[in-house]
Amino acid sequence: MKTNTLDFDAQTLREKILDLAMRGKLVSQDPNDEPASVLLEKIKTEKEQLIKEKKIKKSKPLPEITDDEKPFEIPDGWEWVRLGDVSEIIMGQAPKSNDVNEHGEGIEFHQGKTEFTETIIGKSSKYVVNTSRIVDSNYIIMAVRAPVGDVNLIDREISIGRGLAGIAPYISNKNYIFYYLESIKKYFENNSTGSTFKAINGNIIKNTIVPLPPLSEQSRIFYSTIYKSERFAKV
C-alpha cells in the first residue's frame, strides 16, 4: 500500500511546527508579557480558593523539577511546571454494568478512546447513570489504557471510564496544553506499564513536566502557529 507523500510531508511539517512552538522558537517574545511566575501565583491562589470552597481536594506537593528532567531550554519568562500543579486531573472509573445503557438514560459515557477524532471526541452510543466521573468542555481527555497518551478535546459534558483521564488546566490556554500533550505522546508510551496491555496512572500524568509560557504567549503560540498549521494540513 503506497503512502501519500503529500500527507506524510504535511504530518512531518506539523510535528516539527509543534516541536518548535513548544520551545518558544516560532513566536517573538514580548517583554511586556506578564511572566509565567506571576501566572503560577495566580494558579496557586485559585487552587487555594477551590480547596476552601471544597470543589477540589488538597493534594500532596509534587517533587521539584530537576535539571535532568528538563528536555530543552525555554525562553526567559517561561517556567517548567508539573501538570498536576497547574491542572485538575480526574481519573476515569468503571461504572456498574447495570448503570450503563444505550437508550439515552443518564449522561453520555466513554470507556476509552474508541470515539477519538483528530480534535474533539465523537458521540458515544452508551450512557450511564449514577456516575461521579464527569468532565466538560474545560477538560482535555487522555487515553490511559492501551494505547496510551492520545488526547482529545470535549465540547459537552460526558462521563469517563477507566480508559480515560480528564485534565482541566487552571488559568491557562487549554489549546496550548492540549497540543503540548499531543506532542509528547511518546513520553506517555515510554512510561506505561503492564504485560497484558500498557497503561499509565494518575501519578504519571501529574508528574509530567510542561513548559509554561506567559498566558498571552500561550494564545499567540496557538493562534499564530499551531492553528495555522492545522488549517494548512487540511488543505
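Residues numbered from 1 in each chain as written. Predicted model: local features only at pLDDT ≥ 70, side-chain atom pairs only at ≥ 80, totals over all residues. Heavy atoms only, no water.

Trainee: How should I be thinking about the overall build of the protein chain in this particular structure?
Mentor: Check the secondary structure of the protein chain and you find 7 helices and 11 strands. Relative to the compact-globule value of 18 Å for 235 residues, the protein chain shows a C-alpha radius of gyration of 19 Å, a close match. Taken along its principal axes, the extent of the C-alpha atoms in the protein chain is 55 × 55 × 35 Å. The buried share among the 235 residues of the protein chain stands at 43%. Counted over contacts in the protein chain with a minimum sequence separation of 6, partners at least 24 positions apart contribute 74%. Split by element, the accessible area of the protein chain, about 13500 Å² in all, is 49% carbon and sulfur. Charged side chains of the protein chain number 33 positive and 34 negative; the gap between the two group centres comes to 4 Å. (Helix = DSSP H or I, 4+ residues; strand = E, 2+ residues; numbered from the N terminus. Rg over C-alpha atoms; globule rule 2.2 N^0.38 Å. Buried < 20%, exposed > 50% of the residue type's maximum accessible area, 1.4 Å probe, protein only. Contact = heavy atoms within 4.5 Å. Areas by Shrake-Rupley, 256 points an atom, 1.4 Å probe, with all protein chains shown as cover. Lys, Arg positive; Asp, Glu negative; His and termini not counted. Charge placed at Lys NZ, Arg CZ, Asp CG, Glu CD.)

Trainee: Please explain the side chain of aspartate 33 as it appears in this structure.
Mentor: Its place among the elements puts aspartate 33 in the loop between helix H1 (5-21) and helix H2 (36-52). Sequence-distant contacts of aspartate 33, that is, excluding residues within four places in its chain, are made with Pro214, Ser216, Glu217 and Arg220.

Trainee: How do you make sense of the packing of aromatic side chains when you look at a structure like this?
Mentor: The geometry of an aromatic ring pair is captured by the separation of the ring centres together with the interplanar angle, meaning the angle of the planes. In this structure the tally under the stated criterion is 5 aromatic pairs. Centroid distance phenylalanine 178 to tyrosine 179: 4.8 Å. Interplanar angle 80°. Geometry classified as edge-to-face. One exposure class covers both phenylalanine 178 and tyrosine 179, and it is buried. Both rings, one in phenylalanine 222 and one in tyrosine 223, keep their centres 4.7 Å apart while their planes meet at 70°; by these two values the pair is edge-to-face. Owing to a relative accessible area of 48%, tyrosine 223 belongs among the partly exposed residues under this scheme. Three or more aromatic residues joined by ring pairs make a cluster, and in this case those are Phe178, Tyr179, Phe222 and Tyr223. (Phe/Tyr/Trp six-rings, centres within 6.5 Å; stacked < 30°, edge-to-face > 60°.)

Trainee: How should I be thinking about the pattern of salt bridges in this particular structure?
Mentor: Note on pairing: side chains with opposite charge can pair once their charged atoms come close. Going through the model one piece at a time under the given rule, you end up with 14 salt bridges. Notably, a salt bridge pairs aspartate 150 with lysine 113, separated by 2.7 Å at the nearest N-O pair. Linking aspartate 150 in strand E8 (residues 148-153) with lysine 113 in the loop between strand E4 (107-110) and strand E5 (127-128), this pair joins segments that are 37 residues apart in sequence. Taken together, the salt bridges that share partners define one network made up of Lys113, Asp150, Lys185, Lys186 and Glu189. (Salt bridge = Lys/Arg side-chain N within 4 Å of Asp/Glu carboxyl O.)

Trainee: What is the right way to read the environment of arginine 156 from this model?
Mentor: Tracing the sequence through the fold places arginine 156 in the loop between E8 and strand E9 (158-160). Separated by 35 residues in sequence, arginine 156 and isoleucine 121 place their C-alpha atoms 9.5 Å apart. One polar contact links arginine 156 to glutamate 108, side chain to side chain, over a distance of 2.8 Å. Here the side chain of arginine 156 touches aspartate 155 through a polar contact of 2.8 Å, side chain to side chain. (Polar contact = N/O pair within 3.5 Å; in protein donor to acceptor, adjacent residues only side chain to side chain.)

Trainee: Help me out: how do you make sense of the sheet that holds strand E10 (residues 164-169) in this one?
Mentor: By way of backbone hydrogen bonds, the strands of a sheet pair with one another, either parallel or antiparallel. If you trace the 4 strands from one edge of the open sheet to the other, you get E2-E10-E7-E8, paired in antiparallel fashion. Across the chains shown, the open sheet's two edge strands, defined by having one partner strand only, are strand E2 (87-91) and E8. Across the sheet, the axes of successive neighbouring strands diverge by a mean angle of 25°, strand direction being ignored. In this structure, E2 lies alongside E10, joined through 5 bridges in antiparallel fashion. Paired with isoleucine 89 across the strands is isoleucine 167, a residue of E10. Against the sheet, helix H4 (residues 174-183) engages strand E7 (140-144), E8 and E10, with an angle of about 155° to E8. (Pairing = 2+ DSSP bridges. Axes fitted to C-alpha atoms, helices over the stretch in contact; angles between N-to-C directions.)

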